[in-house]
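# Notes for the structure review
Residues per chain are reported as follows:
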Amino acid sequence: MDDDPRNIFALKLTLKSRGYQIESSTMAQEAIEILQKDDKINIVLMDMMMPEMDGYQAIKIIRNTPSISGVDIISVTAQAMPEDRQKCLDAGAQDYVSKPIDVDQLITAIENLS
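All values derive from a computational prediction rather than experimental measurement. (Residues numbered from 1 in each chain as written. Predicted model: local features only at pLDDT ≥ 70, side-chain atom pairs only at ≥ 80, totals over all residues. Heavy atoms only, no water.)

### A few points about the pairing of strand β1 (residues 43-47)
In the case of a regular strand, side chains alternate between the two sheet surfaces. For β1, a buried count of four out of five residues is recorded, marking the element as mostly surrounded by other parts of the structure. In this fold, β1 hands off to helix α3 (residues 55-63), which returns the chain to strand β2 (residues 72-77); that crossover is right-handed. (Buried < 20%, exposed > 50% of the residue type's maximum accessible area, 1.4 Å probe, protein only. Helix = DSSP H or I, 4+ residues; strand = E, 2+ residues; numbered from the N terminus. Right-handed = clockwise from strand over helix to strand, strands pointing away.)

Written as structure tokens, this is what we have:
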């Protein structure tokens, strides 16, 4: 989930070239609905700063929805202070990657969850 279509486009190309199947959404509510319809999704890249519903709220909903509560979440945010990482983990994410995204770091985070 990311609210910038350009970021989604670039990230989709990169991840697809590495063999990952991708679903994307610019809105958290839409992404939650996608998760509820597709039980094959096992990792969410969650932009923490989105309009309408931020990543913290979205993670809380995911974690409190039994059918999708087990999905792994990697927080993605421009907020790069150590306390921001901890805040994301405390919210329920398994890992954290700061923007601009270091693709190698992201792939490592994904592989560690797989």
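### Describing the sheet that holds strand β3 (residues 95-98)
Across the sheet, three strands lie side by side as β1-β2-β3; this open sheet has parallel pairing. The outermost strands of the open sheet, each flanked by one partner alone, are β1 and β3. Shown here is a sheet whose adjacent strand axes are inclined to one another by a mean of 25°, direction ignored. Pairing between β1 and β2: five bridges, direction parallel. Note that in β2 the partner of Leu45 across the bridge is Ile74. (Pairing = 2+ DSSP bridges. Axes fitted to C-alpha atoms, helices over the stretch in contact; angles between N-to-C directions.)

### A word on α3
Every α-helix carries 3.6 residues per turn, so stepping three or four residues along brings you back to the same face. Listing the buried residues of α3 in full gives Gly55, Tyr56, Ala58, Ile59 and Ile62. Relative to the axis of α3, the buried residues are bounded by an arc of 160° and lie together on one face. In this structure, the buried residues of α3 make contact with α2 (28-37), β1, β2 and α4 (82-91). For α3, the N-terminal capping position is held by Asp54, with its side-chain oxygen 3.0 Å away from the main-chain nitrogen of Tyr56. (Arc of directions from axis to C-beta. Contact = heavy atoms within 4.5 Å. Polar contact = N/O pair within 3.5 Å; in protein donor to acceptor, adjacent residues only side chain to side chain.)

### Concerning the packing of aromatic side chains
All told, the structure shown has zero aromatic pairs when counted by the stated rule. Directly above the ring of Tyr56 sits Lys87, whose terminal nitrogen or CZ lies 4.6 Å from the centroid. (Phe/Tyr/Trp six-rings, centres within 6.5 Å; stacked < 30°, edge-to-face > 60°. Lys NZ or Arg CZ within 6 Å of the ring centre and 35° of its normal.)

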